Amino acid sequence: MLTGQRGVGKTTCLVQHLVDQYPDYLSSRRCLYLPVDHFVVAQKAIHEIATDFANEGGELLCVDEVHKSSTWSRDLKSIIDSFPNLRVVASGSSMLQLHKGSHDLSRRVLVQRLEGLSFREYLAIRRGVQLNSLALHQILAGHEVEAPQIVKKLLNSELHVLAEFRDYLAHGYYPFFLQFKDKKSFLIALEQSIHAVIESDLLAIHPSMTGNTVSRIKRLLSALAANVPFTPDLKKLRGLLGIADDRTLKDYLQCLQEAGLVMAISKQGKALRSMEKPDRIYLGDPNIAHALAASGEPDLGSIRETFFCRIVSAMHSVSSGGSADFLVDGKFTIEVGGKNKGQEQISGKDNAYLALDDLPIGSMQRIPLWLFGFLY
């Protein structure tokens with residue numbers, strides 16, 4: 001099961017896998033791509049189609065947008081149990097939870113979450129520059145060696161790392177930016193995608209939701225977008241949205257978080273999934289922040305923190321850092337800021353670093369922010 005936010009490239013990965021396995025895919029009866037949201041496919045149960053396919057010698061079934069079927073968990077369980085030799089690869093919304101469907105698939109399905117593009121991947125796709133990923137310890141302890149090498153290789157291609165990073169923050173997290181000639185068109189498409197997540201994907205996962213609920217969730221996202229990073233004031237939010245109790249509001253926040261539209265950061269040791277009043281709330285990624293910016297340009301400080309949180313949390317645990325911005329893996333204190341940021345928030349702390357924007361190459365505890373975009 002391949003899950004992830006809308007637009008990160010799940011369908012593309014699914015099709016690329018199928019084509020890689022079966023170069024004769026156009027005529028082959030051994031592979032089948034099944035888009036569940038297609039009106040022709042919707043006329044039959046997924047299990048029924050899979051049964052016909054397997055009985056005719058099918059080997060690889062790729063089920064796209066599986067969450068669009070109301071019986072997805074039942075059908076997948078039946079397929080897996082009935083045809084143990086059939087390879088099944090499915091894609092679905094990041095909101096899918098295998099143990100909460102009508103049939104528990106947690107012991108039958110391996111889940112791989114697909115993230116948006118890292119800065120390193122963006123450079124590879126957009127500029128054709130191939131660079132290696134870096135582990136966190138390489139960035140923290142070896143940035144004085146790694147960063148100059150990357151900057152030099154980019155300069156050899158007449159590319160400037162800070163300019164490329166600025167473009168990435170605005171429109172480089174989602175691969176479909178390649179379909180558009182300009183940033184404005186991409187951000188319009190991304191905003192439409194955000195609406196589709198709430199109005200379509202969310203309803204597919206939670207069919208009992210009403211139009212009024214969807215409207216409130218959209219207003220909640222709008223309120224958060226205007227105030228990120230947002231320190232939750234549940235009472236104020238409830239009053240703004242006309243919600244009677246904290247539990248309902250927390251459910252709405254949970255939906256936005258599972259959809260990848262927001263990130264909730266807790267204090268160390270508290271589980272985010274419980275949504276017991278997170279310490280701070282950010283928008284889901286820097287591109288979303290640009291798409292939802294009412295004034296046209298989002299707050300730069302918020303963009304920096306959003307980037308760091310989104311990229312690092314894909315590989316490591318990230319919690320609130322107390323006097324500093326973040327605590328990574330429970331031991332590394334990180335303060336995010338511009339190149340002139342002082343060391344007050346990390347003074348006297350062990351394993352403490354500054355992640356600084358507008359800094360091509362750092363020194364000692366001062367690490368270029370863009371370098372964290374090489375974690376994957």
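Model, not experiment: these values are computed from the prediction.

### What to know about the sheet that holds strand 9 (residues 326-328)
Then, in step 1: What the five strands build is an open sheet, ordered 8-9-10-11-12; its pairing is mixed. The two strands at the open ends of the sheet, each matched to only one other strand, are strand 8 (318-320) and strand 12 (366-368). In this sheet, adjacent strand axes meet at a mean angle of 35° when their direction is disregarded.
Then, in step 2: Together, strand 9, strand 10 (332-337), strand 11 (352-356) and strand 12 form the strand contacts of helix 5 (residues 136-156), whose direction differs from that of strand 12 by roughly 80°.

### Here we look at the sheet that holds strand 1 (residues 2-4)
Then, in step 1: Read across the sheet, five strands follow the order 2-3-4-1-5 without closing on themselves; strand pairing throughout is parallel. Each of the sheet's edge strands pairs with one partner strand only, and the pair in question is strand 2 (31-35) and strand 5 (112-113).
Then, in step 2: Two elements, strand 2 and strand 3 (residues 60-64), share five bridges in a ladder whose sense is parallel. Across the sheet, residue proline 35 finds its bridge partner in strand 3, namely aspartate 64.

### Considering the nonpolar core
Then, in step 1: With 88 residues, the main nonpolar core has Phe308, Trp370 and Phe372 as its most contacted residues.
Then, in step 2: Sorting elements by how many residues they give to this core places helix 7 (residues 183-205) first, with nine residues.
Then, in step 3: Each residue touching phenylalanine 372, except ones within four places of it in the same chain, is listed here: Leu136, Ile139, Leu140, Phe307, Phe308, Ile311, Val312, Ala355 and Ile367.

### Let's talk about the packing of helix 6 (residues 161-171) against helix 12 (residues 300-313)
Then, in step 1: Across the interface, helix 6 lies against helix 12 with an axial gap of 11 Å and an inter-helix angle of 80°. Viewed along their axes, helix 6 and helix 12 adopt a mutual orientation that is roughly perpendicular. Residues Phe165, Arg166, Tyr168 and Leu169 of helix 6 form the contact with helix 12, whose participating residues are Leu300, Ile303, Phe307 and Ile311.

### Description of helix 7
Then, in step 1: Between its first and last C-alpha atoms helix 7 spans 31 Å; for 23 residues at 1.5 Å apiece the expected length is 33 Å, and the two agree.
Then, in step 2: By the largest-angle criterion, valine 197 marks the main kink of helix 7, which is about 35°.

### Remarks on the pattern of salt bridges
Then, in step 1: Applying the stated rule across the entire model yields 22 salt bridges.
Then, in step 2: Close ionic contact of arginine 127 with glutamate 164 constitutes a salt bridge, the shortest N to O distance being 3.0 Å. Within this pair, whereas arginine 127 is found in helix 4 (residues 119-127), its partner glutamate 164 is found in helix 6, the two being separated by 37 residues in sequence.
Then, in step 3: Glutamate 164 sits in the buried class, given a relative accessible area of 5%.
Then, in step 4: Between arginine 238 and aspartate 246 there is a salt bridge, with the nearest N and O atoms lying 2.6 Å from each other.

### Observations regarding the environment of leucine 371
Then, in step 1: Counting through the fold element by element, leucine 371 comes out in the segment after strand 12.
Then, in step 2: Contacts of leucine 371, omitting those with residues within four sequence positions, involve Leu134, Ile139, His143, Ala147 and Ile150.

### Re a nonpolar patch on the surface
Then, in step 1: On the surface, a cluster of nonpolar side chains totalling about 440 Å² of accessible area is made up of Val15, Val19, Tyr25, Leu26 and Tyr33.
Then, in step 2: Here tyrosine 25 is to be found in the loop between helix 1 (10-21) and strand 2.
Then, in step 3: Residue classification places tyrosine 25 among the partly exposed positions, given a relative accessible area of 35%.

### Quick word on the packing of aromatic side chains
Then, in step 1: Scanning the entire structure with this criterion turns up 19 aromatic pairs.
Then, in step 2: Aromatic side chains phenylalanine 165 and tyrosine 168 sit 6.3 Å apart centroid to centroid with 20° between the ring planes, which places their arrangement in the stacked category. Linking phenylalanine 165 with tyrosine 168, this pair stays in helix 6, spanning three residues, or about one helical turn.
Then, in step 3: Residue class for phenylalanine 165 comes out buried when judged on its relative accessible area of 0%.
Then, in step 4: Between phenylalanine 165 and phenylalanine 307, the aromatic rings sit 5.0 Å apart at their centres with planes inclined by 80°, giving edge-to-face as the arrangement. Taken together, the residues span a long stretch of sequence, with phenylalanine 165 in helix 6 and phenylalanine 307 in helix 12 at a distance of 142 residues.

Reading the values: the criteria
- Sequence positions are assigned chain by chain, starting from 1 and proceeding in written order.
- Local features are withheld for residues below a pLDDT of 70 in this predicted model, meaning they are given only at 70 or higher, and side-chain atom pairs are given and counted only at 80 or more; totals for whole chains, interfaces and linings count all residues.
- The side-chain numbers reported here are obtained from all heavy atoms of the structure, hydrogens and water having been left aside.
- By this definition, two strands are paired if DSSP reports at least two bridges between them.
- Helix numbers and strand numbers start at the N terminus; a helix is a DSSP run of H or I with at least 4 residues, a strand a run of E with at least 2.
- Every axis corresponds to a line fitted to the C-alpha atoms, with the helix fit spanning only the stretch in contact, and the corresponding angles, defined between N-to-C directions, vary from 0 to 180 degrees.
- Throughout, a residue-residue contact means that at least one pair of heavy atoms, one from each residue, lies within 4.5 Å.
- To form a nonpolar core, buried Ala, Val, Leu, Ile, Met, Phe, Trp, Tyr and Cys residues must be joined to one another through side-chain atoms within 4.5 Å.
- Working definition: with a 1.4 Å probe on protein chains only, accessible area under 20% of the residue-type maximum means buried, over 50% means exposed, and in between means partly exposed.
- Our angle categories are set so that under 35 degrees counts as roughly parallel, over 145 as roughly antiparallel, 65 to 115 as roughly perpendicular, and the remainder as oblique.
- Any helix carries an expected span of 1.5 Å times its number of residues minus one.
- Fitting axes to the seven residues ending at a residue and to the seven starting there, one defines the bend at that residue as the angle between these axes.
- What counts as a salt bridge is simple: a side-chain nitrogen of Lys or Arg found within 4 Å of a carboxyl oxygen of Asp or Glu.
- Residues enter patches when their relative accessible area tops 30% and they take part in no salt bridge; the joining distance is 9 Å for like charges and 5 Å for the nonpolar side chains Val, Leu, Ile, Met, Phe, Trp and Tyr.
- Areas reported as accessible are Shrake-Rupley estimates using a 1.4 Å probe. Residue values count occlusion only from the protein chains shown.
- Two aromatic rings, drawn from Phe, Tyr or Trp (for Trp, its six-membered ring), form a pair once their centres lie within 6.5 Å of each other, and the interplanar angle then sorts them: stacked below 30 degrees, edge-to-face above 60, tilted otherwise.

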